[in-house]
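Here's the letter readout for the chains.
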Amino acid sequence: MGLLTAGHLALRAVRCYLSPFSKSGSWLSTKASPLGDKNILLMGPPGAGKTTVGRIVAHRLGLPVIDVDDNVLETTWKMPVAAKLAAIGGERFLEEEGQALCNFSASGCVVSLTGSNPLHAEAMQHVKQTGLVIYLDVDSEDIIQRLAMMKVNRIVGQEAGVSMKDILHYRKQFYEKWLDVRVLCGRGDTVEDVAEKVLKAVERYQNHAGETYVSTRSDNAGSSSQKTYFSDVVVEGLATDGGLYVPKNGFPKIDAREWLRLADMSYPEQALVLLEKCIHPLDVSALDLRQMIFKAYGSNFSSEAVAPVKHLIHNQYVLELFHGPTASFKDLALQLMPQLFAYCLPQMCNYLILVATSGDTGSAVLSGFSRLSGTDRQRTGVLVFFPEEGVSEIQKLQMTNYKQGNARAVSVLSDFDFCQRSIKMMFGESGLIGHLAVEYGTVLSTANSINWARLLPQVVYHSSAYLNLCRDGVIKFGEPVDVCIPTGNFGNAMSAVYAKQMGIPIRKVICASNHNRIIADFITTGEYDLRGRPLMLSHSPAIDILKSSNLERFIYHVSGGDGHLVKDLFTRLDRQQYFQVPEPLFGRIQQEVLAGWCSEDDCLAAIQSVHTRTGYVMDTHTAVAKVVADRLQDGSCPVVLCSTAHYGKFAPAVFKALQIQNIPEDPVEQLKKLRSTASRPEMHRHMMTCVQESGRKHTVCRADYSVLVEEVENMVQDSFLKVM
């Protein structure tokens with residue numbers, strides 16, 4: 001298996017010597033390690049291949065290799081490890097093994113830890129200080145097969161009656177606690193495969209500068225010495241040139257064997273592995289990221305699956321994204337994003353998060369940031385602007401329910417585009433930015449999907465949906481699916497494009513518009529035309545949008561990162577309300593996505609038809625996706641409809657669709673009536689509670705930019721100038 005030859009072993013022995021100053025062992029490398037004098041520490045369960053992988057990695061790097069079993073424990077104890085375990089028993093063995101490791105020191109070596117080392121906290125704290133801990137995350141079935149071949153039927157700490165599978169599951173928590181970098185091993189990976197992944201993981205770790213971000217409007221021809229990292233883009237939100245941040249080198253590609261490992265994991269576990277691959281550990285450590293993710297996707301979701309996939313009819317499946325606390329797909333990002341934001345914040349400033357919403361983002365942002373605690377909550381404020389007449393009554397009640405702490409929702413007598421445009425103007429007004437910084441020590445940021453930390457978590461549920469279909473036997477990995485997404489701001493659609501870039505076999509991303517149809521018109525004609533185009537209210541208000549922010553990221557993607565073109569197009573849109581993409585680019589757009597639109601009548605008819613045939617109640621946005629998928633999808637593969645909100649948020653429209661008479665005026669009574677009418681999905685408990693507790697009064701602003709700026713300054717004063 002490509003193990004070291006006798007000559008290589010002899011060479012290693014020359015490079016690595018035992019220090020006379022230590023009772024146990026001190027190894028010093030005389031050759032430069034990729035990590036300087038830091039060790040590469042391989043951690044994992046018994047049977048993970050740590051010893052063999054360690055030898056291969058050391059050989060490839062020309063470094064000394066140390067196997068803790070052979071070179072530390074047996075040298076210290078002067079007896080085989082198995083004999084020691086038999087002589088003193090498991091509990092005492094763990095303690096003596098830990099003490100032996102505490103006396104161990106090495107520099108610039110590849111060290112293969114034992115499977116039980118991570119169970120001793122003091123020993124792991126000691127060795128972790130000496131280098132990079134790489135967790136070989138090997139599939140438990142592979143490990144059990146290897147141990148059986150080695151005739152190992154019990155490992156340290158395994159009591160009588162406890163299966164090998166259960167003890168491996170128990171130990172996993174300790175490996176997760178100590179890792180710096182995970183190497184996800186696909187099913188059937190050889191030790192050579194794993195060693196190659198370890199080498200790539202080390203290279204990635206030391207090359208933090210390789211995971212920087214650029215603006216969609218940047219000129220890549222000129223290389224700036226200023227590096228922008230994940231922690232920067234989370235806090236800044238919008239790039240200084242008005243563009244949106246994207247990873248300079250795109251997304252990591254995941255191979256099929258690794259995807260199959262993910263298929264059996266829970267949603268939080270999938271999110272952890274995928275986001276570890278997208279966020280450099282020097283920006284957010286693996287342990288901190290794990291804590292954030294498991295807090296984000298826990299009991300606050302009404303479904304244990306977080307984002308379950310349900311069969312609807314024929315080849316159509318519904319991805320239910322409404323089980324979070326505010327009953328919207330925005331929760332999948334906004335239960336995590338505030339934690340990332342707080343983690344990345346510099347300590348010296350207060351931050352005010354400005355948000356424009358067409359309905360769902362507002363309450364999701366307010367919910368997510370309300371879960372922060374301590375100083376993070378004290379120095380972070382949230383101000384939401386929403387169109388007074390452009391959201392449903394229940395959406396409005398959800399937003400105005402948040403009145404405690406540094407959080408507020410204010411309505412505007414205009415549409416979503418005015419709210420979003422005003423916020424972008426504030427970010428571009430240097431006088432305002434400077435005034436807030438100097439007078440109040442406050443920096444503005446955003447939680448809309450223009451913020452990378454809002455968009456990135458959405459990649460997870462598109463990946464998870466495909467893996468669920470694999471797990472349930474609907475498809476085999478590698479077979480294509482289409483995804484149909486009700487979209488206005490293009491963020492949800494863009495995250496599906498990114499999931500495809502990571503290796504999920506999405507054939508087409510189908511964009512579904514309501515009668516405002518700006519996205520549908522652009523994708524079918526190549527022209528983005530806002531001239532004389534009024535925004536029309538609809539039954540699907542979350543996609544009542546004419547100026548689609550994330551379309552900028554999409555054009556950057558399909559143009560191969562042509563920042564000059566993107567800047568030219570969107571500058572023209574700001575000035576002339578119109579642009580047309582070049583013909584070659586238009587062709588690439590149509591290869592990547594399809595688009596269609598749905599009338600108000602067709603939307604309601606779809607709700608009624610699906611309910612009659614299946615008993616399932618769709619919300620109005622899901623109905624838009626259903627109508628467009630029926631028209632554009634050819635039936636040759638499954639299609640996943642993104643159900644972006646619970647039907648209860650749009651009760652009057654659903655009543656109309658189902659032809660239910662005598663509708664109560666009170667929103668709480670409307671939800672109760674719907675609960676007695678609909679059997680699938682169940683009424684959303686968090687939404688019902690929120691609406692029952694909500695007050696009715698809120699601030700209403702006229703459509704004047706200066707008035708919104710005044711609201712921002714008032715919010716800063718109320719949030720950060722309190723007398724404590």
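Each residue is numbered by its place in its chain's sequence as written, counting from 1. Two thresholds apply to this predicted model, a pLDDT of at least 70 for residue-level local features and 80 or more for giving and counting side-chain atom pairs, whereas whole-chain, interface and lining totals are computed over all residues. Note that the side-chain values use all heavy atoms of the structure and ignore hydrogens as well as water.

Colleague: For this particular structure, what's the right way to read the nonpolar core?
Modeller: Within soluble globular proteins, side chains that are nonpolar generally end up buried alongside one another. In this text, buried Ala, Val, Leu, Ile, Met, Phe, Trp, Tyr and Cys residues form a nonpolar core when linked through side-chain atoms within 4.5 Å. Using a 1.4 Å probe on the protein chains alone, a residue whose accessible area is under 20% of its type maximum counts as buried, one over 50% counts as exposed, and one in between counts as partly exposed. Core analysis: the biggest nonpolar cluster contains 121 residues, and Phe230 and Tyr297 have the highest contact counts within it. The contact criterion used is simple: two residues touch if any of their non-hydrogen atoms lie within 4.5 Å. Here Phe230 is in contact with Tyr213, Ile279, Asp283, Val284, Leu340, Cys344, Trp452 and Leu456, once residues within four sequence places are set aside. Among the nonpolar cores identified, the runner-up in size contains 44 residues, and Ile543, Cys598, Val639 and Ala651 belong to it.

Colleague: Explanation requested: the sheet that holds strand E15 (residues 407–412) in the structure shown.
Modeller: Adjacent strands of a sheet pair through backbone hydrogen bonds, lying either parallel or antiparallel. Strand pairing follows a simple DSSP-based rule, namely that at least 2 bridges must link the two strands. The way it works is that DSSP assigns letters per residue, a run of H or I at least four long becomes a helix, a run of E at least two long becomes a strand, and they are numbered from the N terminus. With parallel pairing, five strands are arranged side by side in an open sheet as E16-E13-E14-E15-E23. If you trace the sheet from one side to the other, it starts and ends with strand E16 (442–446) and strand E23 (700–701), each paired once. Set on the sheet, helix H33 (residues 705–720) makes contact with strand E13 (350–356), strand E14 (380–387), E15, E16 and E23; between it and E14 the angle comes to about 150°. Angles shown run from 0 to 180 degrees and are taken between the N-to-C directions of axes, each axis being a line fitted to C-alpha atoms and, for helices, limited to the stretch in contact.

Colleague: Is there a simple way to explain the sheet that holds strand E18 (residues 506–513) in this structure?
Modeller: Spatially, the six strands line up as an open sheet ordered E11-E12-E22-E17-E18-E21, and their pairing is mixed. Of all strands in the sheet, those with a lone pairing partner are strand E11 (309–313) and strand E21 (593–597), marking the two edges. Taking the axes of each pair of neighbouring strands and ignoring which way they run, one obtains an average angle of 25° across the sheet. Here five bridges tie strand E12 (residues 316–320) to strand E22 (residues 639–643), and the two strands are oriented parallel to one another. Note on E22: the bridge partner recorded for Glu320 is Ser643. Against the sheet, helix H23 (residues 491–502) makes contact with strand E17 (481–486), E18 and E22, and its axis sits at roughly 175° relative to E18, the strand it touches most.

Colleague: Looking at this model, I keep getting lost on the packing of helix H28 (residues 600–614) against helix H29 (residues 620–632). Mind explaining?
Modeller: The packing of two helices is summarised by the inter-axis angle and the distance between the axes. Remark: H28 packs on H29, axes separated minimally by 8 Å, with the N-to-C direction vectors making an angle of 90°. In terms of orientation, H28 and H29 fall into the roughly perpendicular class. Across from Asp602, Cys603, Ala606, Ile607 and Val610 in H28, the residues of H29 making contact are Thr620, Ala623, Val624, Lys626, Val627 and Arg631. When describing relative orientation, an angle under 35 degrees is termed roughly parallel and one over 145 degrees roughly antiparallel, while 65 to 115 degrees is termed roughly perpendicular and anything else oblique.

Colleague: Teacher, can you tell me more about helix H7 (residues 140–149) here?
Modeller: Counting along an α-helix, one turn takes 3.6 residues, and residues three or four places apart therefore face a common direction. Every buried residue of H7 is accounted for by Asp142, Ile143 and Leu147. Angularly, the buried residues of H7 cover 130° about the axis, an arc narrow enough to put them on a single face. Seen from the buried face of H7, the exposed residues on the opposite side, beyond 90 degrees, are Gln145, Ala148 and Met149. Looking one or two residues beyond H7, the residue adopting positive phi is Lys151, at roughly 60°. Each C-beta atom gives one direction from the helix axis, and the arc is the one those directions make.

Colleague: It is not clear to me how helix H19 (residues 416–428) should be interpreted in this structure. Could you clarify?
Modeller: Expected span of a helix, by definition, is 1.5 Å for each gap between consecutive residues, and there is one gap fewer than residues. In a regular helix each residue adds 1.5 Å, so 13 residues correspond to 18 Å; H19 covers 19 Å between its end C-alpha atoms and thus fits that length. Within the sequence span of H19, burial applies to Phe416, Asp417, Phe418, Cys419, Gln420, Ser422, Ile423, Met426 and Phe427. In this structure, the buried side of H19 is in contact with E13, E14, E15, helix H20 (430–440), E16 and H33. Here a polar contact is taken to be a pair of N or O atoms separated by no more than 3.5 Å, where protein atoms must pair a possible hydrogen donor with a possible acceptor and residues adjacent in sequence count only if both atoms sit in side chains. One side-chain oxygen at the N-terminal end of H19 lies 3.3 Å from the backbone nitrogen of Asp417; it belongs to Asp415.

Colleague: Sorry if this is basic, but what is going on with the pattern of salt bridges here?
Modeller: Note on pairing: side chains with opposite charge can pair once their charged atoms come close. Salt bridges, as used here, are contacts in which a Lys or Arg side-chain nitrogen is within 4 Å of a carboxyl oxygen on Asp or Glu. Tallied over the entire structure, the rule returns 40 salt bridges. A salt bridge links Arg517 to Asp521; the shortest N-O distance between them is 3.5 Å. Residue classification places Arg517 among the partly exposed positions, given a relative accessible area of 29%. A salt bridge links Arg533 to Asp521, with the nearest nitrogen and oxygen atoms 2.7 Å apart. Pair noted here: Arg533 is in the loop between strand E19 (527–529) and helix H25 (551–558) and Asp521 is in helix H24 (residues 518–525), with a separation of 12 residues, a long-range link. On the basis of relative accessibility, which here comes to 21%, the residue Asp521 falls in the partly exposed class. Look at the salt bridges and you will find they share partners, linking Asp137, Asp139, Lys172, Glu176, Arg182, Arg187, Arg261, Asp264, Glu276 and Arg290 into a network.

Colleague: Hey, could you run me through unusual backbone geometry in this one?
Modeller: Leaving glycine out, the prevailing phi sign among residues is negative, and the prevailing peptide bond configuration is trans. One non-glycine residue, His314, adopts positive backbone phi at about 55°. When you line up the elements, His314 lands in the loop between E11 and E12. Backbone geometry at Phe490 places phi at a positive 70°, although glycine is not the residue there. By the secondary structure assignment, Phe490 is in the loop between E17 and H23.

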